[in-house]
Amino acid sequence: MKPALAYGLLGLPLAMAALPVYVHAPAYYAGQLGMALSTTGLVLFLARLVDTVQDPWLGHLIDLKAGRLHGWMLAAGLLLAISFAGLWLPPVQGAALIAWLAVMLIVIYTAHSMLNIAYLAWGARLGNEAVLLNAAAWREGAGLVGVVLASIVPGYLMAGQQVEQGMAWYALAFALLLALGIVALLYRALPWLGGGEKQSWREPLANPAFKRLLLPYFLNAVSVAIPATLALFYIRDRIEAPQLSGAFLAAYFVAAALGLPLWVRLATKIGTAKAWRLGMVLAVLAFAGAALLSAGDVAAYAVVCILAGLALGADLALPPVLLAGLISPQHSPASYYGIWTLLGKLALALSGLALPLLALGGYQPGIAGQGGLSLALTYAALPCAIKLLAMWRLNLVIGATQRKPKS
């Protein structure tokens, strides 16, 4: 097995776990297990709050454990597999179910972050930019396969008669793939090259190049999260083709996977930052067209999905590589990625504010044509505006890099 492939495999189960927890667990507990919808929402909010604030601390802890990273990842993987199965097979009912959901979510979020931050930090130590780009392409490609599986299989299982049994098999498949990914990473991928100097989680913020990169990364993450949050609303009530939702999402993710090697090749020729900027340009062109679509524009929206998916490939593969190049060999990367993942989760949380924004514009879910302009502008035009701000800030990063004196 090639080292880059061995490194990338873990991306599949990590993505395979995330989507069902965020999307299917609320419906499962409220619809199948009878928990009140308001209670379910409150538990999800509080658990996500814990998840968001703990990442910098976990990054710092991973730096301290750099010499024992094998044990760290094996323990995190075991914790994630057990808690993921426990989420779908609760042994309690009634009031105890609330506590069970809260504990399982917090443990899942913590174990997933333990693995993901260490995984990204491991990738930052693999070698030069060409090696990093290749490894990132395998990681994000495997992650996209995981996203496709997670978007199809749990939804099919939830629609069946034996939901618990089906999700138990899904949890077992996830555990096996997770074990394969961790073993491949630890024993077949390129080795961890050391953690550098021990540092506080705040010390990465003393790196001016890192601080310059944070704002374009965060703005870009928000611009991606908003249409992801509103996609099903847009397909149902703007394009009026809910029966094609799966096909549109599949086209989006498949295009992202196919585009990964193209972005890697482009980045090796013109530089990672400039390639990412071209990906942003492509995303703006795609979503600008989406703002002009209306009911029945199925073919045109399919083109939007393909172009936006190609642009997503750049958003997935290139920013982590750009960050890795800013971390000196004397510093540990996990603290950097702890702050990095915090911003990604914050962007996802902020994208939820698009829903009350739609309500202010007169949009009502399920009523075709009601507030349709508000939906089109929020789904497409607003992300384009935020993406343009991200491009402007990225240009400052590129300019600062070009002005840096050569040693």
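So, here is what we can say about the structure in this document. None of the values given here were measured: they were computed from a predicted structure. (Residues numbered from 1 in each chain as written. Predicted model: local features only at pLDDT ≥ 70, side-chain atom pairs only at ≥ 80, totals over all residues. Heavy atoms only, no water.)

### Notes on the nonpolar core
Reasoning step 1: Ranked by size, the top nonpolar core spans 128 residues in total, and within it M73, L87, Y301 and Y337 carry the most contacts.
Reasoning step 2: The element best represented in this core is helix 5 (residues 95-124), accounting for 16 residues.
Reasoning step 3: If we ignore the near neighbours within four places in the chain, the residues touching L87 are V21, A25, Y28, Y29, W100, L101, M104, L105 and I108. (Core = buried A, V, L, I, M, F, W, Y, C linked by side-chain atoms within 4.5 Å. Buried < 20%, exposed > 50% of the residue type's maximum accessible area, 1.4 Å probe, protein only. Helix = DSSP H or I, 4+ residues; strand = E, 2+ residues; numbered from the N terminus. Contact = heavy atoms within 4.5 Å.)

### Considerations on helix 9 (residues 245-270)
Structurally, the α-helix is built with 3.6 residues per turn, so residues lying three or four positions apart point the same way.
Reasoning step 1: In this model helix 9 runs 36 Å from its N-terminal to its C-terminal C-alpha over 26 residues, within 8% of the 38 Å that 1.5 Å per residue would give.
Reasoning step 2: Every buried residue of helix 9 is listed here: S245, F248, Y252, F253, A255, A256, G259, L260, W263, V264 and A267.
Reasoning step 3: Elements in contact with the buried residues of helix 9: helix 6 (129-158), helix 8 (208-237), helix 10 (272-290) and helix 11 (298-324).
Reasoning step 4: In the stretch just after helix 9, G271 is the one whose phi turns positive, near 105 degrees. (Expected span 1.5 Å × (residues − 1).)

### Describing unusual backbone geometry
Reasoning step 1: Backbone geometry at E240 places phi at a positive 60 degrees, although glycine is not the residue there.
Reasoning step 2: By the secondary structure assignment, E240 is in the loop between helix 8 and helix 9.
Reasoning step 3: Accessibility expressed as a relative area gives 41% for E240, which makes it partly exposed.

### Focus: helix 7 (residues 163-187)
Reasoning step 1: Counted at 1.5 Å a residue, the expected span for helix 7 with its 25 residues is 36 Å, and the 36 Å between its end C-alpha atoms agrees.
Reasoning step 2: Within helix 7, burial applies to V163, G166, M167, Y170, A171, F174, L178, G181, I182, A184, L185 and L186.

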